[in-house]
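Coordinate analysis (summary)
Given next are the chains, with one letter for each unit.
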Amino acid sequence: MYLYNSASHQKELFTPKDPGLVKMYTCGPTVYHYAHIGNLRTYIMEDVLEKALEYLGYPVKRVMNITDVGHLASDADTGEDKMLKGAKREHKTVMEIAQFYTDAFFRDCDKLNIKRPEIVEPATNCIAEYIHMVQVLLEKGSAYLAGGNVYFDTSTLEKYYVFNDHDEEDLAVGVREGVEEDTNKKNKNDFVLWFTKSKFEDQALKWDSPWGVGYPGWHIECSCISMKHLGEDLDIHAGGIDNAFPHHTNEIAQSESYLGHKWCRYWFHVHHLNTDTGKMSKSKGEFLTVSLLEQKGYDPMAYRLFCLQSHYRRNLVFSWENLDNAAVAYEKLIARIAALKEDGQVEQQTLEQLKKRFVGALNGDLNTSVAVTALYDVLKAKCSDATKLAALEDFDRVLSLNLLSAARALREKQAREAAESADPEIDALVAARAQAKKEKNFAEADRIRDALKARGIEIIDTPQGTKWRKV
Ligand code: AMP
Ligand code: ZN
């Protein structure tokens, strides 16, 4: 599989350190509010990456954190803790907020068929690990104490900006919100590993540490949680593009200084979902959720298809019109699958042929839009329906669009509706009209049609024969 690696700025042949197990880490949600559909674009694409790796024969162990402490309003260590902000907004405790929005997040993931990672770890579970890493960084001279906080010293690094081919716009996202200057910092990019300073006294969650009572910085949690479960070598680290700087840049700085060797081999960044007025953002308070899409009558699978139809390294513009198009495409796709017959033999050779394009799409930097078009190739293929169904079922192991179950549900619905509306007397009249037409007795045919119309029945002539419906 070829994957674009943000750290090397090119597509690389993916080779995990141990081919028997891909170690994958993904930044989890900051649980102070609902996840918006932009956040969920990132989680959908990470889910597809994990499933594609498994499909291609690489077993994956995936870890994700839940940020329930330390993520300040600005990604650059200033402002209020986002969790505290959420707790104040809803007059609840920070832990109540964390529990509520963690549950809400996984409910949204379920609706979108996003698999829960094998290990999910709340940041507040790993305080001892953070303290240990900060201690080692201080001992190594990579960190310093100033004004009560412990900072990472970026001047000790040979190279700090690892992902510097991103748009200025994206790089600016993390720092733009932070207007305050922290005068304790020796260098502009130094960042907090452990906070104790007094202006954060209203911080709800605090722990004892060698540097005083305080709480961890946001970046350290991902380094430590990853190492706790995946060891010193990580194959893939994933997240949204806004996390590349400063979050992931800082993760690399502290992890590699701590370990004394390279830490993560591949960086996978999902670009943003934007609205026509700009980036969708939780902190702005106005954002779209999966529940809102459902309330408006959209199947969450239509949103998943919408995301899959574009490449993860392109910004995606959300509009209702674009979502409508995806919803129509999804409905049509399911209707075509529902029309396939569940009998006949699977033609193995054809099945392998059909798989080729799909596998090629995944191998080419997770090209999900081509993978989606492979579904239409299956529907158009000259082979048995059983072969088509087998191919669709196989591809859905990665795409997770409920292709077969939604088609089955549609068939059952159609059968139910047909049974409910069955009426032998009307069927007989419709048949009599058809016979009259065949015999060119148009007066009789019209008479029957008018009689049916008077009873509220509309006749529809289709290439498949005459149908009727109650109006
Ligand atoms: P947060 O809960 O704010 O920590 O963000 C969770 C994930 O969503 C992170 O990986 C972010 O990089 C990602 N993310 C944030 N905003 C967007 C967006 N508009 N489009 C796609 N991903 C996003
Ligand atoms: Zn992270």
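1. Observations regarding the overall build of the chain
When its secondary structure is counted, the chain shows 16 helices and 16 strands. By its C-alpha atoms, the chain is 100 × 55 × 35 Å across when sized along the principal axes. Out of the 471 residues belonging to the chain, those deemed buried represent 52%. Pairs at least 24 residues apart make up 77% of the contacts formed inside the chain by residues separated by at least 6 positions. For the chain, the exposed surface amounts to about 21300 Å²; the carbon and sulfur share of it is 50%. Positive and negative side-chain charges in the chain, numbering 60 and 71 respectively, have mean positions lying 6 Å apart.

2. A few points about the sheet that holds strand β12 (residues 273–275)
If you walk across this open sheet you meet the 3 strands as β13-β12-β14, and the pairing is mixed. With one partner strand each, in any of the chains shown, β13 (278–279) and β14 (316–318) form the two edges of the open sheet. In this structure, β12 lies alongside β14, joined through 3 bridges in parallel fashion. Bridging across to β14, N274 finds its partner in V317. Contacts from helix α9 (residues 300–308) reach β12 and β14 within the one sheet, and its direction differs from that of β14 by about 145 degrees.

3. Side note on the coordination of the zinc ion (ligand 2)
Surrounding the zinc ion (ligand 2) are the protein donor atoms C27 (SG), C222 (SG) and H247 (NE2), at 2.0 to 2.2 Å. All donors to the zinc ion (ligand 2) come from one chain, and their sequence spacing reads C-x194-C-x24-H. Separated by 220 residues along the polypeptide, C27 in the loop between β3 (22–26) and α1 (37–55) and H247 in helix α7 (residues 244–259) bring together distant segments of the chain. Both residues of the pair, C27 and H247, count as buried.

4. Observations regarding the nonpolar core
Side chains of a nonpolar character, in soluble globular proteins, are inclined to be buried together. In terms of nonpolar packing, the biggest core is built from 139 residues, with I236, Y303 and I337 touching the most fellow members. With 10 residues, α1 is the largest single contributor of residues to this core. Residue contributions to this core reach at least three from each of two domains, namely domain 1 (15–270) and domain 2 (290–416). For Y303, the residues in contact, after removing those within four places along its chain, are I37, G38, R41, I44, L112, L273, L293 and L323. Core analysis: the second largest hydrophobic core is formed by 7 residues, I448, L452, I457 and I459 among them.

5. Quick notes on the pattern of salt bridges
One pass over the structure, following the stated rule, counts 26 salt bridges. The shortest N-O distance in the salt bridge between D394 and R397 comes to 2.8 Å. Taken as a pair, D394 and R397 lie in helix α13 (residues 385–399) at a separation of 3 residues, close to a single helical turn. Here D394 falls in the buried class, since its relative accessible area comes to 9%. Here D461 and R433 are joined by a salt bridge, their closest N and O atoms 3.3 Å apart. Taken together, the residues span a long stretch of sequence, with D461 in strand β15 (residues 457–462) and R433 in helix α15 (residues 424–438) at a distance of 28 residues. On the accessibility criterion, D461 (44% relative accessible area) is partly exposed. We classify R433 as buried; its relative accessible area is 5%.

6. Quick notes on the sheet that holds strand β4 (residues 60–66)
The strands making up a sheet are joined through hydrogen bonds of the backbone, oriented either antiparallel or parallel. Read from one edge to the other, the open sheet built from 5 strands follows the order β5-β4-β3-β10-β11, with strand pairing classed as parallel. Each edge of the sheet is formed by a strand with only one pairing partner; in this case those strands are β5 (119–122) and β11 (264–270). The sheet shows a mean angle of 20 degrees between the axes of neighbouring strands, taken without regard to direction. In the sheet, strand β10 (residues 234–240) pairs with β11 via 6 bridges, with the strands oriented parallel. Bridge pairing in β11 places G239 opposite H269. In this fold α7 packs onto β10 and β11, with an angle of close to 170 degrees to the strand it touches most, β11.

7. Describing the domain arrangement of the chain
You can read the domains of the chain as domain 1 (15–270), domain 2 (290–416) and domain 3 (421–470). Distance between the C-alpha centres of domain 2 and domain 3: 37 Å.

8. Topic: the side chain of H247
On the basis of relative accessible area, H247 is assigned to the buried category, the value being 0%. Polar side-chain contacts of H247 include one of 2.9 Å to the side chain of H219. With sequence-adjacent residues up to four places away left out, H247 is seen in contact with C27, W218, H219 and C222.

9. Some thoughts on the packing of aromatic side chains
Inspection of the entire model under this criterion finds 23 aromatic pairs. On the numbers, 4.9 Å between centres and 70 degrees between planes, the contact of Y43 with F105 is edge-to-face. Residue Y43 is located in helix α1, and its partner F105 is located in helix α3 (residues 94–111); the two are separated by 62 residues in the primary sequence. On the basis of relative accessible area, F105 is assigned to the buried category, the value being 3%. Relative to Y215, the ring of F195 has its centre 4.9 Å away and its plane inclined at 20 degrees; by these criteria the two rings are stacked. Here Y215 lies in strand β9 (residues 215–216) and F195 lies in strand β8 (residues 191–195), a separation of 20 residues in the sequence.

10. Brief notes about the packing of helix α11 (residues 348–363) against helix α12 (residues 368–380)
Axis separation between α11 and α12 bottoms out at 8 Å; the angle between their running directions is 170 degrees. The angle between the axes of α11 and α12 places the two elements in the roughly antiparallel class. Seen from α11, the contacting residues are L354, R357, F358, A361 and L362; seen from α12, they are V370, A371, T373, A374, D377 and V378. Classifying every residue of the contact of α11 with α12 by side-chain character gives 8 nonpolar, 1 polar and 2 charged.

11. A few points about the side chain of N149
Along the chain, the position of N149 falls in strand β7 (residues 149–152). Within the structure, N149 has its side chain in polar contact with the backbone nitrogen of T196 (distance 2.8 Å). Discounting chain neighbours no more than four positions away, the residues touching N149 are Y144, N184, V192, W194, F195, T196 and K197.

12. A few points about the pairing of β3
With respect to burial, β3 is a largely interior element, 4 of its 5 residues being buried. Sheet topology places β3 next to β4; 5 bridges connect them, and they run parallel. Looking at β4, one finds that T26 is bridged to M64. Handedness of the β3-α1-β4 crossover: right-handed.

Reading guide: rules and limits
- Residues numbered from 1 in each chain as written.
- Chains lettered and ligands numbered in written order.
- Predicted model: local features only at pLDDT ≥ 70, side-chain atom pairs only at ≥ 80, totals over all residues.
- Heavy atoms only, no water.
- Helix = DSSP H or I, 4+ residues; strand = E, 2+ residues; numbered from the N terminus.
- Buried < 20%, exposed > 50% of the residue type's maximum accessible area, 1.4 Å probe, protein only.
- Contact = heavy atoms within 4.5 Å.
- Areas by Shrake-Rupley, 256 points an atom, 1.4 Å probe, with all protein chains shown as cover.
- Lys, Arg positive; Asp, Glu negative; His and termini not counted.
- Charge placed at Lys NZ, Arg CZ, Asp CG, Glu CD.
- Pairing = 2+ DSSP bridges.
- Axes fitted to C-alpha atoms, helices over the stretch in contact; angles between N-to-C directions.
- Donors = N, O, S within 2.8 Å, 3.2 Å for Na, K, Ca; no water.
- Core = buried A, V, L, I, M, F, W, Y, C linked by side-chain atoms within 4.5 Å.
- Domains from an automatic or database assignment.
- Salt bridge = Lys/Arg side-chain N within 4 Å of Asp/Glu carboxyl O.
- Polar contact = N/O pair within 3.5 Å; in protein donor to acceptor, adjacent residues only side chain to side chain.
- Phe/Tyr/Trp six-rings, centres within 6.5 Å; stacked < 30°, edge-to-face > 60°.
- Parallel < 35°, antiparallel > 145°, perpendicular 65-115°, else oblique.
- Nonpolar A, V, L, I, M, F, W, Y, C, P; charged D, E, K, R; others polar.
- Right-handed = clockwise from strand over helix to strand, strands pointing away.

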